[in-house]
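Read off the chains here:
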Amino acid sequence: MKLNEIADRPGSRKRATRVGRGQASGKGKTAGRGHKGQKSRSGVALRGREGGQMPIHMRLPKRGFRNPFARRYSIVDLARLNAAVDEGKIDGAAIITSEALSGAGLIRSNRPHWRLLGKAKLERALKVRADHVSAGARASIEAAGGSVEIKEEKKASSPKEPKKSKGPKESKQPEPEESKES
């Protein structure tokens, strides 16, 4: 075998069809696009168009709403938290915060707010600082001798003054002076 004898197997490579190159090519004249009209031109965009009929994406009902300002919490089960402490992923003596949980892989780091749920039985006392703790999880932690701290929400005080109501414009006439008695 020589380098100049190496070739692909017959039929393994198919040549691209050259359209619009004369009648003899089989794809000449209209290049397989039919005759005239919008779809024979370049730049056609007919997706979702149904003639005069109402398109299906407009006929179907819309449902739901996702509030862009809603706070989304990561959920942590008390049993998984207990298992992570047992495996040594989280220090059981320190206060358990969102940073510790994201480091252990229990929550995503881009969601700092989390809720602790569940009723698992604990063998050790844990100190937890969370945004929300269920009643069952709180009872389990406190029964084991631990403590639960709920993070206080910081409300941003707006530097703007409240807008004044737009009532009728007051006339700027000077107040009448009292008569001077001499």
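Keep in mind that what you see is a predicted model, and the values were worked out from it rather than measured. (Residues numbered from 1 in each chain as written. Predicted model: local features only at pLDDT ≥ 70, side-chain atom pairs only at ≥ 80, totals over all residues. Heavy atoms only, no water.)

Q: Explain the sheet that holds strand 1 (residues 74–77) to me, using residue names and the numbers behind them.
A: Strand pairing in a sheet relies on backbone hydrogen bonds, with the paired strands running either antiparallel or parallel. The parallel open sheet is built from 3 strands, whose spatial order is 1-3-5. Edge positions in the open sheet fall to strand 1 and strand 5 (132–133), since each of these has one partner strand only. With 2 bridges joining them, strand 3 (residues 114–117) and strand 5 adopt parallel strand pairing. Looking at the pairing, Leu116 lines up with Val133 of strand 5. In the packing of helix 2 (residues 78–87) onto the sheet, the strands contacted are strand 1 and strand 3, and the crossing angle to strand 1 comes to about 70°. (Pairing = 2+ DSSP bridges. Helix = DSSP H or I, 4+ residues; strand = E, 2+ residues; numbered from the N terminus. Contact = heavy atoms within 4.5 Å. Axes fitted to C-alpha atoms, helices over the stretch in contact; angles between N-to-C directions.)

Q: Describe in detail the nonpolar core, supporting the description with residues and values.
A: Of all hydrophobic cores here, the largest spans 22 residues; its most connected members are Leu81, Ile90, Ile96, Leu101, Trp114, Leu116 and Val128. For this core, the elements supplying multiple residues, two or more each, are helix 2, helix 3 (98–104), strand 3, strand 4 (127–130) and helix 4 (135–143). At 4 residues, the largest contribution of residues to this core is made by helix 2. Not counting residues up to four positions away in its chain, the partners in contact with Ile96 are Leu81, Val85, Ile90, Asp91, Leu101, Trp114, Leu126, Lys127, Val128 and Arg129. (Core = buried A, V, L, I, M, F, W, Y, C linked by side-chain atoms within 4.5 Å. Buried < 20%, exposed > 50% of the residue type's maximum accessible area, 1.4 Å probe, protein only.)

Q: Any details on the packing of aromatic side chains? Residues and values, ideally.
A: The final tally for this structure, using the stated rule, is 0 aromatic pairs. A cation over a ring is seen here: Arg115 above Tyr73, with NZ or CZ 4.2 Å from the ring centre. (Phe/Tyr/Trp six-rings, centres within 6.5 Å; stacked < 30°, edge-to-face > 60°. Lys NZ or Arg CZ within 6 Å of the ring centre and 35° of its normal.)

Q: Could you give an account of a nonpolar patch on the surface, naming the residues involved and the relevant values?
A: A cluster of nonpolar side chains, Met1, Leu3 and Ile6, forms an exposed patch at the surface whose accessible area comes to about 460 Å². Looking at the secondary structure, you find Leu3 in the segment before helix 1 (56–59). (Patch = residues over 30% accessible without salt bridge, like charges linked within 9 Å, V, L, I, M, F, W, Y side chains within 5 Å. Areas by Shrake-Rupley, 256 points an atom, 1.4 Å probe, with all protein chains shown as cover. Salt bridge = Lys/Arg side-chain N within 4 Å of Asp/Glu carboxyl O.)

Q: Explain the pattern of salt bridges residue by residue, including any values.
A: Taken as a whole and judged by the stated rule, the model has 7 salt bridges. Among the ionic pairs, Arg13 bridges to Asp8, the shortest N-O distance being 2.9 Å. Looking at Asp8, the relative accessible area reads 49%, which means it is partly exposed. We note a salt bridge from Arg59 to Glu50, for which the minimum N-O separation is 3.1 Å.

Q: Just give me the short version of the environment of Glu142, but keep the residues and values in it.
A: Examined against the element boundaries, Glu142 turns out to sit in helix 4. Take Glu142: its relative accessible area is 44%, and that puts it in the partly exposed class. Note: C-alpha distance between Glu142 and Leu122 (20 residues apart in sequence) is 9.6 Å.

Q: Outline helix 4, supporting the account with residue identities and numerical values.
A: Along helix 4, the residues classified as buried are Gly136, Ala137, Ser140 and Ile141. Across the axial projection of helix 4, the buried residues extend over an arc of 130°, all falling on one side. More than 90 degrees from the buried face of helix 4, the exposed residues found are Ala135 and Ala143. Looking at the buried residues of helix 4, the elements they touch are helix 2, strand 3, strand 4, strand 5 and strand 6 (147–150). Backbone geometry just after helix 4 places Gly145 at a positive phi near 95°. (Arc of directions from axis to C-beta.)

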